[in-house]
Amino acid sequence: MTSATPSASLPPVSHGQRVVAAGKFLQLVDGTTHFMRGVTYGPFKPNSRGEPFPEDSQLAADLRHIEALGFNTVRLYEPPTAAVLREVEALGLRLIVGIPWSEHVDFLASRSLCREIETQVAATCARLGDHSCITAFLVANEIEKTLVRWMKPRRVRAFIEKLIGIARRHAPHTLISYATYPSTGYLVPRNADFIAVNVYLESAEAFSACLAQWQNLAGNQPLLITEFGLDVASHGPERQAEVMRWQHDCLLSGGCAGGVWFAYTDEWFRGGREITDWQFGLVDRERKERPACVLQRELATVWLPPAAAPRISVVVCTHNGAATLSQCLDSLVALRYPDFEILLIDDGSGLSVARNLGARLATSSIIAYTDDDCIAHPDWLLHLSHALADETVAAAGGPNIPPPPRNRIEHIVAAAPGAPAHVLLNDTEAEHLPGCNLAIRKDALELIGGFRVEFKTAGDDVDICWRLRETGRRLLFVPGAMVWHHRRFTIRAYLTQQFGYGCAEALLMKTHPERFGFLGGARWRGGIYGDQHPADYPVEGSIFHGPLGLGAFQVIYSSSSFRWWEWFTGLLWLAMLLLALVCQQPWLALGLLGFASWSAWQVSARNAAAAGIQDPLDRLLIWWLSFLQPVVREWARLRGMLALGARPSRHPLLPDIIPPTRPHKITLGLGTLCFWSETGITRDAWLQELRKALRAAHIIFREDDGWRWFDIEAWPWSEVSRAFLSVTEFHANGRCLTRVKLLLRIRRSFGWNMLLWLIVTSILMAAGLHMLLVLGLVAVLAIVLLVPLGVWFIRREMRRLARSAAASAGLIEMR
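Sequence order as written defines residue numbering, which begins from 1 separately in each chain. The predicted nature of this model means local features are confined to residues of pLDDT at least 70 and side-chain atom pairs, given and counted, to a pLDDT of 80 or more, with totals for whole chains, interfaces and linings taken over all residues. Side-chain metrics in this entry use all non-hydrogen atoms of the structure; hydrogen atoms and water are not considered.

## Considerations on the overall build of the chain
Thinking step 1. Helix and strand assignments come from DSSP, with helices taken as H or I runs of at least 4 residues and strands as E runs of at least 2, each series counted from the N terminus. Of regular secondary structure, the chain possesses 22 helices and 32 strands.
Thinking step 2. The classification of residues rests on relative accessible area computed with a 1.4 Å probe and restricted to protein chains. Under 20% of the type maximum is buried, over 50% is exposed, and intermediate values are partly exposed. Here the chain holds 815 residues, and the buried ones make up 55% of them.
Thinking step 3. Note on contacts: a residue pair is in contact if any heavy atoms of the two residues lie within 4.5 Å. Considering only intrachain contacts with a sequence separation of at least 6, the fraction spanning at least 24 residues in the chain is 75%.

Below you can see the structure in the form of structure tokens.
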């Protein structure tokens, strides 16, 4: 079956319809594709009514011009006035509304300020939430990087997520997010409707690489670039137009849901004054057009063209798939691609057999595999064609995302662990791509002999990806090549699927023993993307902030996905539990059962929150599935290993991605000092004076290497060290507030040794060894008395050093 050539333009704005998130993209509520083409507007010097917008006549003229340029969305940094809403609704434009508040200070230090911020977000969303022209609210914008490091990323993210929840309660039909930027690239709220990023880069290569990284952080959500532009004063108007062209192309090819150009005009008012040294506008302050305006009119109707438009054979393997097959085929017929065929193959004889038959019948050089329970996005093949334009690429695939659930059980199963997931070696290159969304070059498939027929129901995609990579060609992950993928509709079907995955892992171990660890789990070279978010665990040592937290591009590095409590799940836990019962150790058995229940709850709570499941009974069922899933899967794998004689290699492959090492010390706070400056003196001056003071006292110290949550650490190699962390808040009229935290850092081994000593003392007490008991009690008493005293002396000395450095820098302490 062959489709017609798609239109080069997208449908116009449909007035009155809401914009909703649909997987990696946006659409109107009627299903019409909506690509956001936006521009920022303001903030401006207050008008005669004190509003942060131009006078009504200029406002109307500006918005008419914006609409004429082909933009469909305007981003505001202040809530819209009645005049703004009136003009926007009349023109059919849409708005992204920012909610301004005190983002430049340590807001988490003041409960009253937090409540004030929450009230402001609630009031704004309640007042404006009924306006269908508002596409999204942004609850905050670019919280400063050193402030996030100071307040701790997890605490800041938790507060942002709280604001998103408040906004959603008051504006349930409007999209909600937070606008982050590359300097806090790890700050990704998990409950946002889309990921919003402000990015300023001056080369297409760097911008494309940045988009790929952010697509992985976005996961299954749309990615919007909410600011991007170029300063005409530094680069000239022709360069601005050139950058606009490749930025537009990168957004489309990168699978983004849209972008917002910064800015419409050079007129910009911030911090109580006019900004005149930057010129980012498409028009100048007098509204005179620059060359980029001409280009914008051309780009307004341009969509992503196919890459050389090779013919593609779509192969759908089906077995008892009547419930979803018609929906799958309807989506394939509607694909916006000029040349493709659809082959429907009965896989009653086995999935791999069906895939090989589809390859033999295919009349094209590229075969795109999907399943009968998938729904392809209209531009699925379009994005795959761009990835496969590179001859070094053997295969490509994109995300498979659960569609809106049709019933309660499907919603619960979609939140349970174990769904098909891609494995990435970097932001674009994959080690594994699920078979429900996998395009392979026919010659590459024939070179390795096709799919192995022993894989009847699962595992065939893992095997084929490993073998394709062994030929030296690459596998690419394509964020825009999206398919909806139904999860199982019943609990029984879900557990049957997980059992099948376990059996397939045994088959894989038989043919690829070097890729499995000694406990039977697969040893992936890359990072797994699926049940957990890449930015779920922003801890010290996982984020490269740059020295002293000043890095322009701060990245979170995926640590090992294995958590210590996962030892108490799956088959290993079951064996330990049975051993405890056989040895008649009921308390140990209860402890293991408790740990298993708790660890399953960790998984289920995270997944339920991500899926928006609040009902207690539904959360309990997700917990039960999280408890059963590793047991069922590992039991099936063990049975298969015994039946096939499969054994993992004694020398498994090491991963290409080495997780960052965690710091060897824990950190305790000893208080905070605050220093004020009327003349703009910042933490830089304070740190310089602290260095001098430490050198004068002959104290050995080290500075943050970019991975640590301190600025300077004294006696860093001792069991107990002291450290300083600082941040500067910038207030009006050049005034500054510098905050300094006093930190006590204790080596983890020291803490474990102390705990061991207490345990030994307890054992001696139970054994009645009186002499040793007396010695142990004396030691414990000494610790109890001396440790607080030692901490008091350390704190006093640190306060003295901090105050001395502040006085030398010209800072005034605030008490």
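Let us keep going from here.
## Here's the deal with a nonpolar patch on the surface
Thinking step 1. Patch membership is restricted to residues that have no salt bridge and whose relative accessible area is over 30%. Joining uses 9 Å for like charges and 5 Å for the nonpolar side chains Val, Leu, Ile, Met, Phe, Trp and Tyr. Per-residue accessibility takes into account occlusion by the displayed protein chains alone, with areas from the Shrake-Rupley method and a 1.4 Å probe. Here, a salt bridge means any side-chain nitrogen of Lys or Arg that lies within 4 Å of a carboxyl oxygen of Asp or Glu. Nonpolar side chains collect at one region of the surface, where Leu786, Leu789, Trp792 and Phe793 lie side by side and expose about 420 Å² of accessible area between them.
Thinking step 2. Among the structural elements, Leu789 can be located in helix H22 (residues 770–809).
Thinking step 3. Judged by its relative accessible area of 44%, Leu789 is partly exposed.

## So, the pattern of salt bridges
Thinking step 1. This model, assessed by the stated rule, comprises 46 salt bridges.
Thinking step 2. Ionic pairing is found between Arg287 and Asp62, a salt bridge with its closest N-O pair at 2.9 Å. Of this pair, Arg287 sits in the loop between strand S12 (273–274) and helix H9 (291–299) while Asp62 sits in helix H1 (residues 56–68), and the two are 225 residues apart along the sequence.
Thinking step 3. For the salt bridge of Arg297 with Glu289, the shortest nitrogen-to-oxygen distance reads 2.6 Å.
Thinking step 4. Relative accessible area serves as the criterion here: at 36%, Arg297 is assigned to the partly exposed category.
Thinking step 5. Among the charged side chains, a salt-bridge network with shared partners connects Glu540, Lys665, Arg702, Glu713 and Arg745.

## Considering the packing of aromatic side chains
Thinking step 1. Think of it this way: a Phe, Tyr or Trp ring, Trp meaning its six-membered ring, pairs with another when their centres are within 6.5 Å, and the plane angle makes it stacked under 30 degrees, edge-to-face over 60, tilted otherwise. Applying the stated rule across the entire model yields 24 aromatic pairs.
Thinking step 2. Ring plane angle 85° and centroid distance 6.3 Å describe the contact between Trp466 and Phe516, whose orientation is recorded as edge-to-face. Residue Trp466 is found in helix H15 (residues 460–470), and its partner Phe516 is found in the loop between helix H16 (491–511) and strand S24 (527–529); the two are separated by 50 residues along the sequence.
Thinking step 3. Residue classification places Trp466 among the buried residues on the basis of a relative accessible area of 1%.
Thinking step 4. Of the residues examined, Phe516 reaches a relative accessible area of 1% and is grouped as buried.

## Brief notes about the environment of Gly640
Thinking step 1. The residue Gly640 is located in helix H19 (residues 616–644) in this model.
Thinking step 2. Residues Gly640 and Ala506, spaced 134 residues apart in sequence, show a C-alpha to C-alpha distance of 5.1 Å.
Thinking step 3. Excluding residues that lie within four positions of it along the chain, Gly640 makes contacts with Ala506 and Gly645.

## Points about the confidence of the model for the chain
Thinking step 1. A residue's pLDDT is the confidence the predictor assigns to it, expressed on a 0 to 100 scale. Averaged over every residue, the pLDDT of the chain is 88; residues scoring 70 or more account for 88%.
Thinking step 2. In the predicted structure, residues 1–14 sits below a pLDDT of 50 and forms 32 contacts with residues beyond four places in sequence or in another chain.

## Remarks on the nonpolar core
Thinking step 1. By convention a nonpolar core is built from buried Ala, Val, Leu, Ile, Met, Phe, Trp, Tyr and Cys residues, the set being connected through side-chain atoms within 4.5 Å. One finds Phe107, Phe207, Trp380 and Leu381 to be the most contacted residues of the largest nonpolar core, which totals 122 residues.
Thinking step 2. Trp380 has contacts with Val314, Leu332, Leu335, Ala368, Tyr369, Thr370, Asn437, Ala481, Met482 and Val483, leaving out every residue within four places of it along the chain.

## Overview of the side chain of Lys665
Thinking step 1. Among the structural elements, Lys665 can be located in strand S27 (residues 665–677).
Thinking step 2. Under the rule applied, a polar contact is a pair of N or O atoms within 3.5 Å (in protein, one hydrogen donor and one hydrogen acceptor; residues adjacent in sequence only if both atoms are side-chain atoms). At a separation of 3.2 Å, a polar atom in the side chain of Lys665 contacts the main-chain carbonyl oxygen of Ser718.
Thinking step 3. Separated by 2.9 Å, the side chains of Lys665 and Ser721 make a polar contact.
Thinking step 4. Excluding anything up to four places from it in sequence, Lys665 contacts Glu713, Trp715, Pro716, Ser718, Ser721, Arg745, Ile746, Arg747 and Arg748.

## Looking at the packing of helix H8 (residues 237–253) against H9
Packed helix pairs are characterised by how far apart their axes lie and by the angle those axes make with each other.
Thinking step 1. Packing of H8 against H9 brings their axes to within 8 Å, and their N-to-C directions diverge by 20°. Between H8 and H9, the crossing angle belongs to the class labelled roughly parallel. H8 and H9 meet at a crossing whose hand is right-handed. Counted together, Pro237, Glu238, Gln240, Ala241, Met244, Arg245 and His248 of H8 and Pro291, Ala292, Leu295, Gln296, Glu298 and Leu299 of H9 form the full contact between these two elements.
Thinking step 2. Looking at side-chain class alone, the contact of H8 with H9 contains 7 nonpolar, 3 polar and 3 charged residues. Where helices are involved, their axes are fitted lines through C-alpha atoms of the stretch in contact, as for all axes, and angles between N-to-C directions lie from 0 to 180°. Roughly parallel covers angles under 35 degrees, roughly antiparallel covers those over 145, roughly perpendicular covers 65 to 115, and oblique covers all other angles. A crossing counts as left-handed when the near helix is turned anticlockwise from the far one by less than a right angle, and as right-handed when that turn is clockwise. Ten residue types, Ala, Val, Leu, Ile, Met, Phe, Trp, Tyr, Cys and Pro, are classed as nonpolar, four, Asp, Glu, Lys and Arg, as charged, and the remainder, Gly among them, as polar.

## Examining the sheet that holds strand S13 (residues 312–318)
Thinking step 1. For two strands to pair, DSSP has to find at least two bridges joining them. An order of S14-S13-S15-S21-S17-S22 is seen for the 6 strands of this open sheet, with the pairing classed as mixed. In the strand order of this sheet, the two ends are held by strand S14 (340–346) and strand S22 (474–477), each with one partner. Between one strand and the next, the sheet's axes are offset by a mean angle of 20°, whatever the strand orientation.
Thinking step 2. Across 5 bridges, the pairing between strand S15 (residues 366–371) and strand S21 (residues 437–441) is antiparallel. Note on S21: the bridge partner recorded for Thr370 is Asn437.
Thinking step 3. The strands that helix H11 (residues 351–361) touches are S13, S14 and S15; relative to S14, the one it contacts most, it runs at about 145°.

## Digging into H8
Thinking step 1. Taking 1.5 Å of rise per residue, 17 residues should cover 24 Å, and H8 covers 25 Å from first to last C-alpha, within 8% of that figure.
Thinking step 2. Here H8 has its buried residues at Gln240, Ala241, Val243, Met244, Trp246, Gln247, His248, Cys250, Leu251 and Leu252.
Thinking step 3. Positioned one or two residues after H8, Gly255 has a phi angle of 75°, which is positive. An expected span of 1.5 Å times one less than the residue number is assigned to each helix.

## Some details on the sheet that holds strand S5 (residues 94–98)
Thinking step 1. Pairing is parallel around the closed barrel formed by 8 strands, whose spatial order is S3-S4-S5-S6-S7-S8-S9-S10. Taken over all neighbouring pairs, the strand axes of this sheet differ in orientation by 25° on average, direction set aside.
Thinking step 2. In terms of strand pairing, strand S7 (residues 175–180) meets strand S8 (residues 195–198) through 2 bridges, oriented parallel. The partner of Ala179 across the bridge, within S8, is Ala196.
Thinking step 3. Each of strand S6 (134–141) and S7 touches helix H5 (residues 153–170); the most contacted strand, S7, lies at about 155° to it.

## Some words on unusual backbone geometry
Thinking step 1. For the bond running from Gly42 to Pro43, omega is 0°, close enough to zero to count as cis.
Thinking step 2. Structurally, Pro43 is set in the loop between strand S3 (36–41) and H1.
Thinking step 3. Of note, the bond from Phe262 into Ala263 is cis; its omega dihedral lies within 30 degrees of zero at 10°.
Thinking step 4. As for its placement among the helices and strands, Ala263 is situated in the loop between strand S10 (258–261) and strand S11 (269–270).
Thinking step 5. Unusually for a residue other than glycine, Asn320 sits at a positive phi of about 55°.
Thinking step 6. The phi angle at Asn733 is positive, at roughly 60°, despite the residue not being glycine.
Thinking step 7. You can see Asn733 is positioned in the loop between strand S30 (720–730) and strand S31 (736–747).

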